[in-house]
Structure formats: C-alpha cells, structure tokens
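Commentary on secondary and tertiary structure
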Amino acid sequence: MYRASEHRPTQAVVSLENIKHNIKLYQNKKASHQQIYAVVKANAYGHGAIPVAKVALEAGVDGLCVATVDEAIQLRKAGLTNTPILVMGLTLPYGIAEILYYDLTITVSDLSFFEQAFYQLKKNQQENLLKDNQLKFHLKLDTGMSRVGVRTKEEVLAFVEGVKDYSWLDWQGVFTHFATAGGGPLSYIDYQWERWQDLIPYIPDFVSLRHFDNSAMGLHPAIGDHSDIIRLGISMYGLSSRDSVPDNLVTDRQIAAYHLDKDSLRSTNPNSELNLKPAFQLLSELSYVKKVEKGTRISYGASYESPEDEWIGTIPIGYADGWLRAYANIPVLVEGYPCPVLGVINMDQLMIRLPKEFAVGTEVTLIGQDGNYNNHPSLLAHMAGTISYEMLSCISERVPRVYI
Ligand SMILES: *Cc1c(COP(=O)(O)O)cnc(C)c1O
C-alpha cells in the first residue's frame, strides 16, 4: 500500500471510484429536471474537499455546496472556477468583496445582509464592484428545523418587497432543510412539506431553483422529485443518513465478536434499497509489539490490567487524529481478527490486545473491511453512540488522505 508519510503509517484511504458510483445511483434515480449538487462541506465529510469536488464534477454533478465562504474560496483557489458554489450557512456581510470576487452563491435569511454589505463596500469605496444582477443568492426558508431562515408568509412578502431596492442582486433560489429525513418522527416530513407549500406561492416566478432534498429526501417516494436540486451529502460518501448497516455486513460472527445487540441494529436498518459503497478507510500499522505478564497495567490512569499474559500491540493513532476516547469499545482489525482497545485512548497512540504475536508493521484497519469483519462507519458510529457524519468529519488534518 502506498504510504503518504515515511514517518507514520496512519492514513485515510478514500475511494474516488466509490464516490462516483454513489453519485451515479442518484443520477439514475432522479427526475430529469433535477440537478445534483455535491455537498463537500467540512472537508467533504473528512474525505478531502478538493479531490472529492473534482471527482464529483467529473461524474457530472451540476454544482457544489459548502457551509462557509472560506470553504468555497478554497475550492475556487484550487481551480474549480466554472461551477456554482452554494454557501449554505449564513455569512457575514463584511466579506462581500471576496464573495463577489470569487463568484459565490450565498444564503440569505433577511434583508439586513444587503444593507450592511452595501455599507461595507461604500466604506471601502468599492461600490464599483456592484453591477446589475451581480450578487447570486438563495433565500433560506425555515419550515421546521428552527435554525435559520424566514418563517412566515409576512416575512417572505416583506423580503420580496425589500429586494426590489437592490438592482445588484441575482435572486436565483430558495431552499429549506428537512429535520427528520435521517431519523425522528416521519410525520414531521409532512408537516415541513406543508409549510414549504404554504410559503412557496409568495416567491416570485423568476426565482427558478427551489430545493429541499438532502440524501434522504432525494429518495422520498412522494416528495423527493419536487426539489430542483438534490444536495447530496452523506450518500455520496456511501453511507445512509439513518446510519443503517447493510444486512449482509452484520453477520452472526460479527455480532458475537463486537458484543452487538442484534435488535437495536435491526431497528436502524430500513433496508435502504440503494447499493451504496462507503468510500473511507482508516488504516494504520502496528508500531510496537510485546508480551506482558498477568497484572500489567496499561495506558493512562492505569486503566487496564492484564488478567493473564497477553500480546499487546501499539498503534500510532489517537484522539488528536479524531479517533476519540469515546471509541474505546470499538475493536480494530488485524489480519482479520477483531482486537479490543485496552485502557483509554491516548492523544497520539492506543494499545490493543493481539490474539498472538504479529510483526511490527502489520496492517491495522480502524475503518473498513478485513477478512470476515467489517468496521463499517455506520456500525462503529452506532457502537460509539454517535453518527457516521460526526465520526468521519472529525478525522483530523493530521491524518493524510490517500486517493485510489
Ligand atoms: C449538510 C447539508 C446537506 C447534506 O445532507 P446529507 O444528509 O449529508 O445528504 C443538505 N442540505 C443542507 C442545508 C446541509 O447543511
């Protein structure tokens, strides 16, 4: 295996092929009028924003979504200049000059943004940056997430009136976000859909992009096709937003070795019909191997005591790499054996129990398949009481990404 660092073997291996495959599944499923925007915020959920954005565009997506203006600028600077980039989070007006310079599409929740942005440009004698239809934006509607966005008919009407004062605006879209598509009461989808339908008639006809699909809503049988854009995030990375673990990956053998509760796993599995392929593997190697006697204390706090003589392996990964202390109950895979972590996870290293002696340099799989076992991100997230979104986006910058 190619090594990103000569000095430390811990690395994430990202399959761009699988990302393409997952995009294709949505391309084949979507309605013909629908566009797909690849969501590459948070370093593409840990996969690496620039390579993922490039491969997604190669696969034919129509645009990109990020959370912040700085993320968008990073993509523009990497040469991705010919594609719309929608910044989905709210941004401050002080950076308006850069937003214009990099041709970004921003999200707005109220009129004061335009007023302050104009004031900012005036202060710097940069009003000449503003030409007609210069600033692209989408209006955010809050239909039940209660995060950001305009909430009532009155607010929409006031907004529609107010934007007429600004000739330099290019109002391209309007969107909302569903709170329960990935889990929670399904009836809440109907509630949000109704609120969307209540507000949309007050949006002017020229605002042509009206969208609400994320990965999960893109598959919604009744509503999904009504969104002009699918903002494709977690499924592009091969994972279900409900963190369902594909049935065939949860074998009796795995359930026993991982002390899994079969019933609670089943309840997370609505049998997603798509054949998504996870794109992220987290690999390392044994950096040190030794035999310890019964009664040996291991790790900070002397948190583990060997009940008998044991083979112990050390792995150069820790919580500063994003392999959090909360993952201490997740076994790692060595030559097809699930090996438990012993004691607490350190900042840069952790210790595991080996079934027998292995050579230093033996490959270790933290996320991914090895032999009969599969450390599938959704399964691990389930075990650690989190979600795969969090687990992958928290793998830190210290871990080099390698692309296959
Ligand atoms: C992150 C995000 C998405 C993508 O959601 P997935 O569940 O990962 O597909 C879509 N829309 C908004 C507004 C988001 O913040």
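Residues numbered from 1 in each chain as written. Predicted model: local features only at pLDDT ≥ 70, side-chain atom pairs only at ≥ 80, totals over all residues. Heavy atoms only, no water.

**Considerations on the domain arrangement of the protein chain**
Put simply, the rule reads: How far each domain reaches was decided by an automatic or database domain assignment. Residue contacts are counted whenever heavy atoms from the two residues lie within 4.5 Å of one another. Buried area: the sum, over both parts, of the accessible surface (1.4 Å probe) that disappears when the two are put together.
Domain annotation of the protein chain identifies domain 1 (31-237) and domain 2 (252-275 + 278-403). When each unit is reduced to the centre of its C-alpha atoms, the spacing between domain 1 and domain 2 is 37 Å. Contacts between the two partners involve ten residues from domain 1 and, on the opposite side, ten residues from domain 2. Between domain 1 and domain 2 the total buried area reaches about 900 Å² when both faces are included, carbon and sulfur atoms providing 67% of it.

**With respect to the site of the ligand**
Going by this rule: We call a residue near a molecule or strand when any one of its heavy atoms sits within 4 Å of it. Two N or O atoms form a polar contact when they lie within 3.5 Å of each other; inside protein one atom must be a possible hydrogen donor and the other a possible acceptor, and for residues adjacent in sequence the pair counts only when both atoms belong to side chains. Note on areas: these come from Shrake-Rupley sampling with a 1.4 Å probe, and a residue is covered only by the protein chains present in the view. Only protein atoms enter the 1 Å grid used here, on which a cavity is any set of points holding a 1.4 Å probe that cannot leave and a pocket is any open set flanked by protein within 12 Å on both sides along at least five of seven lines; residues with an atom within 4 Å of a point are listed as lining. A molecule is counted as occupying a cavity or pocket when more than half of its atoms fall within 2 Å of that pocket's grid points. As a working rule, the residues Ala, Val, Leu, Ile, Met, Phe, Trp, Tyr, Cys and Pro are called nonpolar, Asp, Glu, Lys and Arg charged, and the rest polar, with Gly in that last group.
Around the ligand sit Val 39, Lys 41, Tyr 45, Met 88, Arg 147, His 177, Asn 214, Ser 215, Arg 231, Gly 233, Ile 234 and Tyr 389, and that is every residue in its neighbourhood. Contacts to the ligand include Ser 215, whose side-chain N or O atom sits 2.5 Å from an oxygen atom. Tyr 389 is positioned with one of its side-chain polar atoms (N or O) 2.7 Å from an oxygen atom of the ligand. In isolation the ligand exposes 390 Å². Once the protein is present, 92% of that is buried. Applying the majority rule of atoms within 2 Å of the grid points places the ligand in the largest pocket. A class-by-class count of the residues in the shell around the ligand yields five nonpolar, four polar and three charged.

**Comments concerning the nonpolar core**
Let me state the cut-off plainly: We call a set of buried Ala, Val, Leu, Ile, Met, Phe, Trp, Tyr and Cys residues a nonpolar core when their side-chain atoms join them within 4.5 Å. Summary of the burial criterion: residues with accessible area below 20% of their type's maximum are buried, those above 50% are exposed, and those between are partly exposed, where the area comes from a 1.4 Å probe applied to protein chains only.
Within the largest apolar cluster, 122 residues are counted, with the highest numbers of intra-cluster contacts made by Phe 114 and Trp 323. When residues of this core are sorted by domain, at least three fall in each of domain 1 (31-237) and domain 2 (252-275 + 278-403). Residue contacts for Trp 323: discarding those within four places in its chain leaves Leu 282, Ile 317, Gly 318, Ile 330, Ile 345, Leu 350, Leu 366, Ile 367, Leu 380, Met 391 and Ile 395. Within the second largest apolar cluster, six residues are counted, among which are Val 292, Tyr 304, Ile 312 and Met 351.

**Brief notes about the environment of Tyr 237**
In plain terms, the rule: Numbering of helices and strands starts at the N terminus; helices are DSSP runs of H or I of at least 4 residues and strands are runs of E of at least 2.
Residue position: Tyr 237 is located in the loop between strand S9 (229-232) and helix H9 (252-257). Apart from the residues lying within four places of it in its own chain, the contact partners of Tyr 237 are Ile 19, Asn 22, Val 39, Val 40, Ala 44, Tyr 45, His 47, Val 52, Lys 277, Pro 278 and Ala 279.

**Observations regarding the pairing of strand S4 (residues 85-90)**
Successive side chains on a regular strand alternate, one facing one side of the sheet and the next facing the other. Note the cut-off: Two strands form a pair only when DSSP identifies at least two bridges running between them. Consider the strands pointing away from the viewer: the crossover is right-handed when the path from the first strand over the helix to the second runs clockwise.
Where strand S3 (residues 63-66) and S4 come together, three bridges link them in parallel fashion. Bridge assignment links Val 66 to a residue of S4, and that residue is Val 87. Considered for its hand, the β-α-β crossover made up of S3, helix H4 (residues 69-77) and S4 is right-handed. Sheet analysis places S4 next to strand S5 (residues 105-108), joined by two bridges and oriented parallel. Each bridged residue has a counterpart across the sheet, and for Leu 86 the counterpart in S5 is Thr 105. Crossover S4 to S5 through helix H5 (residues 96-101) is right-handed.

**Some points on the sheet that holds strand S18 (residues 350-354)**
Taken in spatial order, the four strands of this open sheet run S11-S14-S18-S17, and their pairing is antiparallel. The sheet terminates laterally at strand S11 (288-292) and strand S17 (341-342), the two strands that pair on one side only. Here S17 pairs with S18 via two bridges, running antiparallel. When the bridges of S18 are listed, Leu 342 appears paired with Met 351.

**Structural notes on the pairing of S9**
Neither face of S9 is left uncovered, since the one carrying Ile 229 and Arg 231 and the one carrying Ile 230 and Leu 232 both have all their residues buried. Bridge count between strand S2 (residues 35-39) and S9: four bridges; the pairing is parallel. The residue bridging Ala 38 from the neighbouring strand is Leu 232, located in S9.

**Concerning the pattern of salt bridges**
Here is the rule: Salt bridge, as used here, is a side-chain nitrogen of Lys or Arg placed within 4 Å of a carboxyl oxygen of Asp or Glu.
In this structure the tally under the stated criterion is eleven salt bridges. The residue Lys 136 makes a salt bridge to Asp 103 at a minimum N-O spacing of 2.7 Å. Placement of Lys 136 in strand S6 (residues 135-140) and of Asp 103 in the loop between H5 and S5 is noted, with a sequence separation of 33 residues between them. Among the residues examined, Asp 103 registers a relative accessible area of 34% and is labelled partly exposed. Ionic pairing is found between Arg 353 and Glu 310, a salt bridge with its closest N-O pair at 2.5 Å. Of this pair, Arg 353 sits in strand S18 while Glu 310 is found in strand S14 (residues 310-315), placing the two residues 43 residues apart along the sequence. The exposure class of Glu 310 is buried, given its relative accessible area of 5%. Each of the salt bridges in this network shares a partner with another, and the network as a whole consists of Arg 8, Asp 321, Asp 348 and Arg 398.

**Some details on the sheet that holds S3**
Filter applied, for reference: To define axes, lines are fitted to C-alpha atoms, for helices over the stretch in contact only, and angles between the resulting N-to-C directions are given on a 0 to 180 degree scale.
Pairing is parallel in the open sheet, where eight strands are placed in the order S8-S7-S6-S5-S4-S3-S2-S9. Sheet topology places strand S8 (209-211) and S9 at the edges, where each strand pairs with a single neighbour. Across the sheet, the mean angle from the axis of one strand to that of its neighbour is 30°, orientation sign disregarded. The pairing of strand S7 (residues 169-175) with S8 spans three bridges and is parallel. Paired with Val 174 across the strands is Arg 210, a residue of S8. Across the face of the sheet, H4 comes into contact with S3 and S4 while running at roughly 160° to S4.

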